Amino acid sequence: KKQAAKKTIIKNKSAEIVPAVACTTKQMRQAILDRLHKSLATEESKANNKAWWNATCYAVNELLFEKLTDTQKSHSGHDTRAVNYLSLEFLMGRLLSNNLHNLELFNVAQDALKGLGKDLYEICEEEPDMALGNGGLGRLAACFIDSLATLGYPAIGYGIHYENGLFAQSFQDGRQIERPDTWREYGNPWEICRPESIQHVPLYGYVETVIDENGISHKVWHAGQKLKGVPWDVPIVGYGAKTVNILRLWESRADEAFDWDVFNAGGYVDAQVEKSKAETISKVLYPNDSTDEGKELRLIQQYFFCACSVKDILRRFRRAGNKWPILAEKVAIQLNDTHPTIAIPELMRILVDEERLDWNFAWSLCEKIFSYTNHTLLPEALEKWSVALFEKVLPRHLEIIYEINRRFLETVEQKWPGDNDIKAKLSIVEEGSQRMVRMANLCVVTSHKVNGVAAVHSELVKTDLFPEFDQLYPTKLINVTNGITPRRWLKACNPALAALYDETVGKDWVVNLDKLKDALPKATDTVFQKRFMEIKRDNKVELVNIIKDLTGIEVSADAIFDIQIKRLHEYKRQQLNLIHILTLYRRLLDNPDYDMVPRVFLFGAKAAPGYHMAKQIIYALNKVAEKVNSDKRIKGKLKVVFLPNYRVSLAEKMFPAADISEQISTAGLEASGTGNMKFALNGALTVGTMDGANIEMAEEIGAEHMFIFGLSVAEVKELKTAGYNPYDYYYNNPELKAVLDWLDTDFFTPGQPGALSDIKRSLLEYGDEYLCLADYESYCKAHDAIDTTYRNKALWAEKAIRNSAAMGKFNSDRSIEDYVENVWHLKKYPLA
Ligand code: F58
């Protein structure tokens, strides 16, 4: 039903749109048919939806490839300065709908397919997600490359061409099961292989000191193994198609040239084994969220992609005929977290060992080229690699890191003469039983700018994480608040609301999200409220059907849709949400007439496969869901749904249907959050702590239009210093005690008492590190306030509109402009 609604709205508008790329419905129809016949060798009567999807993608490619070559020509013609965004993760999701929207051809394609008896929305569902990321960090990279292209900046995203993206999740008796994600099994129409740009990457081996003909010594690294990096380019279309940049993803293969000797020595089988080992490097995305495993393969992945990318950057620089002194004028490299840090010693190695530049000169270039984004304060997530591992895999890089550190510690000595404690704290190499390389320290020492991702986070980076670095380099640590692309997160995922905004504030909100503010006066207009909330209801009905399809659970669109979607982590506190659900359930069982607005609690989350407690929380939520959903006594007032396999394409259906957005991390621990922004933009109200970007959202929206609860960053610190005891809360709050004790019974897991006790233990015996019990009461009160407010339809509608219309600041275009102004200093080169 909803899909029909989408179609009507768009059909009415289609006549007004002038596409960025000239293509009539008739031409599009013909292009799709041509691709079906000439590229896929099939015909209308035989083609399934997958074939139609492929044909449509190929038809779109025909239009955007031309823009891609034009952009590349223009960039090399102007020898532009570009930013190279190095990231182990790009969580792209699906591209067909996004590319059509950015080419302003969505309606054209919709009409063209309709003429062929096909529905574009259905066709889009055929596309597997490009799930090359874990969560926020990877999705941020995807939003940023969309914004860079939209704004017309020369930029390349560099990453890994994982054969398997983030695992696919299903549930078996409530427990998470992981399966490989085979997104490319049948090919990917969006990528172009570029064998002409292959790179070779050395590994292992030893370092030799060589004296040259002038008597000067230098280092030569003799590799023990070599990999081949094959680049796959994914075109990134900016909105309006004035720029098509690329995302270049490296695939690892065996370097046949290197293995030639083995072949010749009759080692055919050995060589095949080497080959498959080489191919494992880009096989799989590491599914750790926040903690790192410290595996050799992961270090090699990082080095492999950094080495390929740095060589590729230098190849383009040389091809333009440039000389080293202007390298930093042409090249900016952004490190998305510490994962690509190894690019720093790699660039030093090439400049010093291969190009034989003077160390100081090479270093001065690196300092200008690199900048680093920090995404977390969690100590377990700050990457460290053992010196021993480095020595084995990257012996020359270790020497270079030692030399960088030696020189850096001289600066520290100048600033704090004789202070060995500070030296030990700041040193890139951590001493101890296992000597470790601290990647974040290497990043901070090298980079000219280091940014946090929301105001409060960046402040904590200065005061708590790197206070001495901040004293040493007073202008280095800055803030760039995260943002989201309004193309995907409003225009494409919520076409009805997008159309309402088109009509109310004009169409350019898509590139200037501040325009949404013009709708604020309408927040109290009953006609506008009605339309806004009708759209919300339609979106909820659509989600009701998806829930039924995926889980068989029936929920009502009249209930409050209360959603928490994000990676599963104790600091994000899905367990706090759980104990509040239990509280409501208990109230209902105690009093079947308990007066509450019906509520559906929705979850979507993947747990790192090795993270026991996270998996227990998933299990508990699923078990509670089973019980609650089948309990007739509560008359459907409470439903709990955990949707399996949360991913970008599912998120696109959940954000538009949310009434409540759960952003409930312990204050100080969520660096920014970006889901919070997607919810609010789509008209959900936030129940949240004063953490990450929630704080800036409250400034924009007005805290009175959100449900803020819990301890502040300062109060968290105070409580922890004073000595936090979760039992104080347990014994003082009978409702809390009752729900926690409930977890020890077999009520939710018949015949298996104690199956959920782990959660109780983590909240009591193990000390409740994330202060769930301290925030419980205030969280429950915030939920009571939600219930009261929701009963006042006009007030709720007003708040929903205010939330959405106040999101201008959180456009990723604004984040990119901040980076350009304060870090990258780029110029725009949009096509005419
Ligand atoms: C996230 N980090 C932050 N890390 O948690 C979130 O607050 C922020 O909004 C977002 O970055 C964007 O800045 C995050 O997603 C990871 O997924 C890493 C993956 C690799 C291992 C370490 C965590």
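Conventions and cut-offs
Residues numbered from 1 in each chain as written. Predicted model: local features only at pLDDT ≥ 70, side-chain atom pairs only at ≥ 80, totals over all residues. Near = placed C-beta within 6 Å. Helix = DSSP H or I, 4+ residues; strand = E, 2+ residues; numbered from the N terminus. Nonpolar A, V, L, I, M, F, W, Y, C, P; charged D, E, K, R; others polar. Domains from an automatic or database assignment. Contact = placed C-beta atoms within 7 Å. Buried ≥ 20, exposed ≤ 12 C-beta atoms within 10 Å, placed from the backbone. Pairing = 2+ DSSP bridges. Axes fitted to C-alpha atoms, helices over the stretch in contact; angles between N-to-C directions. UniProt positions renumbered as here; feature names shortened; annotations may be inferred. Parallel < 35°, antiparallel > 145°, perpendicular 65-115°, else oblique. Left-handed = near helix turned anticlockwise from the far one by under 90°. Right-handed = clockwise from strand over helix to strand, strands pointing away. Arc of directions from axis to C-beta. pLDDT = per-residue confidence, 0-100. Expected span 1.5 Å × (residues − 1). Bend = angle between axes of the 7 residues up to and from the residue.

**Structural notes on the site of the ligand**
Point 1. Residues in contact with the ligand amount to 20 residues; listed here are only the nearest, N134, G136, L137, A671 and S672.
Point 2. If one sorts the elements of the shell around the ligand by residue count, helix α7 (residues 136-151) sits on top with 3 residues.
Point 3. Within the shell around the ligand, the residues separate by chemical class into 5 nonpolar, 12 polar and 3 charged.
Point 4. Each of domain 2 (79-94 + 129-447) and domain 4 (488-712 + 770-799) gives at least three residues to the shell around the ligand.

**Remarks on the domain arrangement of the protein chain**
Point 1. Taken as a whole, the protein chain is organised into domain 1 (1-78 + 100-127), domain 2 (79-94 + 129-447), domain 3 (453-482) and domain 4 (488-712 + 770-799).
Point 2. Taking only C-alpha atoms, the centre of domain 3 and the centre of domain 4 are 31 Å apart.
Point 3. Contacts between the two partners involve 8 residues from domain 3, matched on the other side by 8 residues from domain 4.
Point 4. Here the residues of the side of domain 3 that touches domain 4 sort into 5 nonpolar, 3 polar and no charged.

**Some thoughts on unusual backbone geometry**
Point 1. The phi dihedral of Y204 falls on the positive side, at around 55°, and the residue is not glycine.
Point 2. In this structure, Y204 sits in the loop between β8 (199-203) and β9 (206-211).
Point 3. Even without being a glycine, N645 presents a positive backbone phi close to 55°.
Point 4. On the neighbour-count criterion, N645 (19 C-beta atoms within 10 Å) is partly exposed.

**What about the sheet that holds strand β16 (residues 429-430)?**
Point 1. Taken together, 3 strands build an open sheet; the order of strands is β15-β17-β16 and the sheet is antiparallel. Of all strands in the sheet, those with a lone pairing partner are β15 (384-386) and β16, marking the two edges.
Point 2. The pairing of β15 with strand β17 (residues 436-438) spans 3 bridges and is antiparallel. Among the inter-strand pairings, K384 is bridged to a residue of β17, identified as R438.
Point 3. Across the sheet, helix α17 (residues 439-446) touches β15 and β17, and the angle it forms with β17 is around 40°.

**A short note on the UniProt feature "modified residue: N6-(pyridoxal phosphate)lysine" (unreviewed entry) in the protein chain**
Point 1. Taking the numbering used here, the UniProt-annotated feature "modified residue: N6-(pyridoxal phosphate)lysine" (unreviewed entry) corresponds to K678.
Point 2. Along the polypeptide, K678 turns up in helix α26 (residues 675-681).
Point 3. In this structure K678 comes out as buried when scored by C-beta crowding, with 30 C-beta atoms within 10 Å.

**Section: the packing of helix α23 (residues 574-590) against helix α32 (residues 772-791)**
Point 1. Relative to each other, α23 and α32 sit at 55°, their axes nearing to 10 Å. Classified by the angle between their axes, α23 and α32 sit oblique to one another. Classified by chirality, the crossing of α32 by α23 is right-handed. Between α23 and α32, the residues in contact are Q575, L576, I579, H580 and T583 and C772, D775, Y776, Y779, C780 and H783, respectively.

**Points about the sheet that holds strand β24 (residues 685-688)**
Point 1. The strand order β22-β21-β20-β23-β24-β25 describes an open sheet built from 6 strands, whose pairing is parallel. Taken across any chain shown, the strands that pair with only one partner, and hence form the sheet edges, are β22 (638-642) and β25 (707-708).
Point 2. Sheet topology note: the strand β20 (residues 560-565)/strand β23 (residues 660-663) ladder contains 2 bridges and is parallel. Residue I563 lies in a different strand from β23, and its bridge partner there is S661.
Point 3. Each of β20, β21 (599-604), β22 and β23 is contacted by α23, which is oriented at about 150° to β22, the strand it contacts most.

**Here's the deal with the environment of L140**
Point 1. Counting through the fold element by element, L140 comes out in helix α7.
Point 2. Here the alpha-carbon distance between L140 and E127, two residues 13 residues apart in the chain, equals 21 Å.
Point 3. Apart from the residues within four sequence positions on either side, L140 is in contact with N482 and T674.

**Some details on the pairing of β20**
Point 1. Within β20, 6 of the 6 residues are buried, which leaves the element mostly enclosed by the surrounding structure.
Point 2. Alternating residues of β20 divide into I560, D562 and Q564 and F561, I563 and I565, and every residue in both groups is buried.
Point 3. Across 6 bridges, the pairing between β20 and β21 is parallel. In the sheet register, I560 faces β21, and the bridge partner there is R599.
Point 4. At this point the chain moves from β20, through α23, to the parallel β21, and the crossover so formed is right-handed.

**Description of helix α13 (residues 359-369)**
Point 1. Here α13 has its buried residues at A362, L365, C366 and I369. All buried residues of α13 fall inside an arc of 100° around its axis, so they share one side.
Point 2. Here the buried face of α13 lies against α11 (327-330), β13 (331-336), α12 (343-354), β14 (370-373) and α17.

**Quick look at the confidence of the model for the protein chain**
Point 1. With 96% of its residues at a pLDDT of 70 or more, the protein chain has an overall mean of 95.
Point 2. Low pLDDT (under 50) marks residues 1-17, which in the prediction has 22 contacts with non-local residues, meaning those over four places away or in another chain.
Point 3. This prediction of the complex comes with two scores: 0.97 for pTM and 0.98 for ipTM.

**Examining helix α3 (residues 49-77)**
Point 1. The terminal C-alpha atoms of α3, which comprises 29 residues, lie 41 Å apart, in line with the 42 Å expected from a rise of 1.5 Å per residue.
Point 2. Of all the bends found along α3, the most pronounced is centred on L63 and spans about 30°.
Point 3. One or two steps after α3, the chain reaches D79, where phi turns positive at roughly 45°.

**Description of the packing of helix α10 (residues 296-319) against α12**
Point 1. Packing of α10 against α12 brings their axes to within 9 Å, and their N-to-C directions diverge by 50°. It follows from the interaxial angle that α10 and α12 lie oblique. In the crossing of α10 with α12, the sense of the turn from one axis to the other is right-handed. Of α12, the residues touching α10 (which contributes C306, A307, S309, V310 and L314) are A343, E346, L347 and I350.
Point 2. Of the residues assigned to the contact of α10 with α12, the class counts are 7 nonpolar, 1 polar and 1 charged.

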